[in-house]
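Structural description and commentary
So the chains spell out like this:
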Amino acid sequence: HGKIEALRLLVRPDDGELKAHEVEIHASAILPPVTVGGGVPAPTDTAAVMQQLTASLSKTSEETANANQLAREVLELKREKEETSKNRLKKLHGTVTTLIRNAASNDDERP
């Protein structure tokens, strides 16, 4: 009967063909190619990246301030609306107000 002989696989880290294959797989599958263009700086251009981040943060800060101001205005309008709608009886004559209060109360209580 035939026996299977033991095999050994020796990988040499300095093998040129293996290194080229590693670089190719890494570039195609693991790390998509970085294209420079369309205003996107190269990853090594740290100053340009920092400049973009600073501009983005300042724009975000401005927009947040605008959103906060609009939220304050909406809140103030809601408060004003609540104040005006709280006391609708103020516009009515005193006798009409008394009539409404008496009609709304139970028989055993008088306002």
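Here the structure is a predicted model, which is why all the values come from computation and not from measurement.

Conventions adopted
- Residues numbered from 1 in each chain as written.
- Predicted model: local features only at pLDDT ≥ 70, side-chain atom pairs only at ≥ 80, totals over all residues.
- Heavy atoms only, no water.
- Helix = DSSP H or I, 4+ residues; strand = E, 2+ residues; numbered from the N terminus.
- Buried < 20%, exposed > 50% of the residue type's maximum accessible area, 1.4 Å probe, protein only.
- Areas by Shrake-Rupley, 256 points an atom, 1.4 Å probe, with all protein chains shown as cover.
- Patch = residues over 30% accessible without salt bridge, like charges linked within 9 Å, V, L, I, M, F, W, Y side chains within 5 Å.
- Salt bridge = Lys/Arg side-chain N within 4 Å of Asp/Glu carboxyl O.

Points about the overall build of the chain
Of the regular secondary structure elements, the chain holds three helices and zero strands. Start at the N end of the chain and walk to the C end: the helices and strands fall as α-α-α. The buried share among the 111 residues of the chain stands at 4%. Accessible surface for the chain amounts to roughly 10900 Å². Of this, 58% is attributable to carbon and sulfur atoms.

Things to note about a nonpolar patch on the surface
There is a patch of nonpolar side chains on the surface, built from Leu9, Val11 and Leu18 and spanning about 320 Å² of accessible area. Following the sequence through the fold, Leu9 ends up in the segment before helix H1 (16–30).

Let's talk about the pattern of salt bridges
All told, the structure shown has two salt bridges when counted by the stated rule. Its salt-bridge partner being Lys19, residue Glu22 comes within 3.5 Å of it at the nearest N-O pair. One end of the pair, Glu22, and the other, Lys19, are both in helix H1, three residues apart, so they sit about a helical turn from each other. With relative accessibility at 45%, the residue Lys19 sits in the partly exposed group. Of the charged contacts in the structure, one is a salt bridge between Glu63 and Lys59, with a shortest N-O distance of 3.5 Å. Of this pair, Glu63 and Lys59 are both found in helix H2 (residues 46–86), four residues apart, which corresponds to roughly one turn of the helix. Judged by its relative accessible area of 46%, Lys59 falls in the partly exposed class.

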